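Summary of the model geometry
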Amino acid sequence: MHEDLLKVYALWGKEQARDVLLAEWSGLNGEVKRLKEALATKTAEIQELLEQTESLTTQEREANRKIERYTKRGQKAQKAIDTGTATDFGMALEQVSACTKLIDEVETELLQTMDELENTAEITASKRQAEAQLSAQLEHATGARDERKPSLKVEFDAATAERDGGREGIWRDLLTRYDRLRAKKVMVFADIVSGQCTGCYITVPSEQVSAHRRAVEVGVCRSCGRFLGEVS
Ligand SMILES: [Zn+2]
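Treat the numbers as computed from the prediction; the structure is a model and nothing was measured.

1. Digging into helix H3 (residues 172-183)
Taking 1.5 Å of rise per residue, the 12 residues of H3 would be expected to cover 16 Å, and the 16 Å separating its terminal C-alpha atoms lies within 8% of that figure. Looking one or two places after H3, you find Lys-185, whose phi comes out positive at around 55 degrees.

Next up, the structure:
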């Protein structure tokens, strides 16, 4: 490898070491963010279930009130029949049967509401469990991130200084090419395998491979622009 290319290669190595630290930080942060979002979603789901529970409880209460009212009404009519005080016997009988029918209907609804309430309570309990689990995970992830933060900062600053130092003494046009490749977030170096650039799989002319191998030329792929590394 050409002497100048070796410098770029060394710079790339330093950059990658710095990238590893960046990736570590973004991983630690990403985990905290992911757990926070999952926890917020879970809490919102529980909130929604609590609202459902409240509305079902209201329905349950109303149904019980209705049953009570119809029961009283039916009993009153029945009493009028039994004691012979009903002004209209037929109407009183009708009232008794109407109340019985209404009570049946409300009771059916009430049973359904109670089922739903039970169901909702079960779902809420399981979601609360998941919420507690997420909360513990978040606490753990936040702790791990915060604990690593100071040492990571020191390592990152050192790696940045190393990287910046690594740029010194490299030709400006090589740095420009290097920065352009970095900005494209592609591998800066490609190897030559069986005469082909591993970056773009275009054949590198044999005289260029030879010049690169003999280190008399800064090897750059003419097709994809990557710096050329190992030849195999
Ligand atoms: Zn290439």
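2. Some details on the sheet that holds strand S2 (residues 196-197)
Across the sheet, three strands lie side by side as S2-S1-S3; this open sheet has mixed pairing. Edge strands, defined here as strands with exactly one partner in the open sheet, are S2 and strand S3 (227-231). Relative to S2, strand S1 (residues 189-193) is paired through two bridges, and the arrangement is antiparallel. Bridge pairing in S2 links Ile-192 to Cys-197.

3. Details of the pairing of S1
The side chains of a regular strand alternate between the sheet's two faces. In this sheet, S3 lies alongside S1 in parallel orientation, the contact comprising three bridges. Within S3, the residue paired with Phe-189 across the bridge is Phe-227. Between S1 and S2, which follow one another and run antiparallel, lie two residues, and Ser-194 among them has a positive phi close to 50 degrees.

4. What about the domain arrangement of the protein chain?
Splitting the protein chain by domain gives domain 1 (15-167) and domain 2 (175-231). The straight-line distance from the C-alpha centre of domain 1 to that of domain 2 is 58 Å.

5. Overview of helix H1 (residues 3-82)
For an α-helix, the turn length of 3.6 residues means that residues three or four places apart are oriented alike. Taking 1.5 Å of rise per residue, 80 residues should cover 118 Å, and H1 covers 116 Å from first to last C-alpha, within 8% of that figure. Where H1 is buried, its residues contact helix H2 (89-166), H3, S1 and S3. Phi turns positive, to about 70 degrees, at Gly-84, one or two residues after H1.

What counts and how
Residues numbered from 1 in each chain as written. Predicted model: local features only at pLDDT ≥ 70, side-chain atom pairs only at ≥ 80, totals over all residues. Helix = DSSP H or I, 4+ residues; strand = E, 2+ residues; numbered from the N terminus. Expected span 1.5 Å × (residues − 1). Pairing = 2+ DSSP bridges. Domains from an automatic or database assignment. Contact = placed C-beta atoms within 7 Å.

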